[in-house]
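The lines below spell out each chain.
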Amino acid sequence: MPTVELTKDNFEETVTGSDIVLIDFWAAWCGPCRMFGPVYEKAAERHPDIVFSKVDTEAQPELAATFQISSIPTLMAVRDRSVLYAQPGALPPHALEELITKIRAVDMEDVRRKAAAGSSGAN
């Protein structure tokens, strides 16, 4: 599945309408972003059940600001509308595959329980 260009207009629908969404925050002038692009595209081909998306931080500064992106590339992983990973830096292919495996393995019921406990003030 090809990558999806995220904008402020389609962001919410894309993230809430998919089980797993990877988001690459990038810019055309960024050398590491350009190096990571082909790695990201190949992973998208290998994992058609995951939405691989990109946010051009130059064209979508509101989205970059919302997620406090201060360094690019930054990769974010969202599963069931919960951010499970958000780190700057271009990942090599094996590290991206490891991240995808870990995101798939997360017990989302446990994540929801912990989030509910945290929001109620209980520790």
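Residues numbered from 1 in each chain as written. Predicted model: local features only at pLDDT ≥ 70, side-chain atom pairs only at ≥ 80, totals over all residues. Heavy atoms only, no water.

Across the sheet, five strands lie side by side as β1-β3-β2-β4-β5; this open sheet has mixed pairing. On the outer flanks of this sheet lie β1 (4–5) and β5 (82–88), each paired with one strand and no other. Pairing between β1 and strand β3 (residues 51–56): two bridges, direction parallel. Residue pairing across strands places V4 opposite S53, the latter belonging to β3. Strands in contact with helix α2 (residues 31–46) are β2 (20–26), β3 and β4 (74–79); relative to β3, the strand with the most contacts, it is inclined by about 160°. (Pairing = 2+ DSSP bridges. Helix = DSSP H or I, 4+ residues; strand = E, 2+ residues; numbered from the N terminus. Contact = heavy atoms within 4.5 Å. Axes fitted to C-alpha atoms, helices over the stretch in contact; angles between N-to-C directions.)

Buried together is how nonpolar side chains tend to be arranged in soluble globular proteins. In this structure, I23, F25 and I72 are the most contacted members of the largest nonpolar core, which totals 18 residues. Of all the secondary structure elements, the ones that give two or more residues to this core are α1 (11–16), β2, β3, α3 (61–66) and β4. A per-element tally of this core places β2 first, with four residues. Apart from the residues lying within four places of it in its own chain, the contact partners of I72 are F25, W26, A27, W29, C30, C33 and T57. Among the nonpolar cores identified, the runner-up in size contains 17 residues, and I20, F36, V39 and F52 belong to it. (Core = buried A, V, L, I, M, F, W, Y, C linked by side-chain atoms within 4.5 Å. Buried < 20%, exposed > 50% of the residue type's maximum accessible area, 1.4 Å probe, protein only.)

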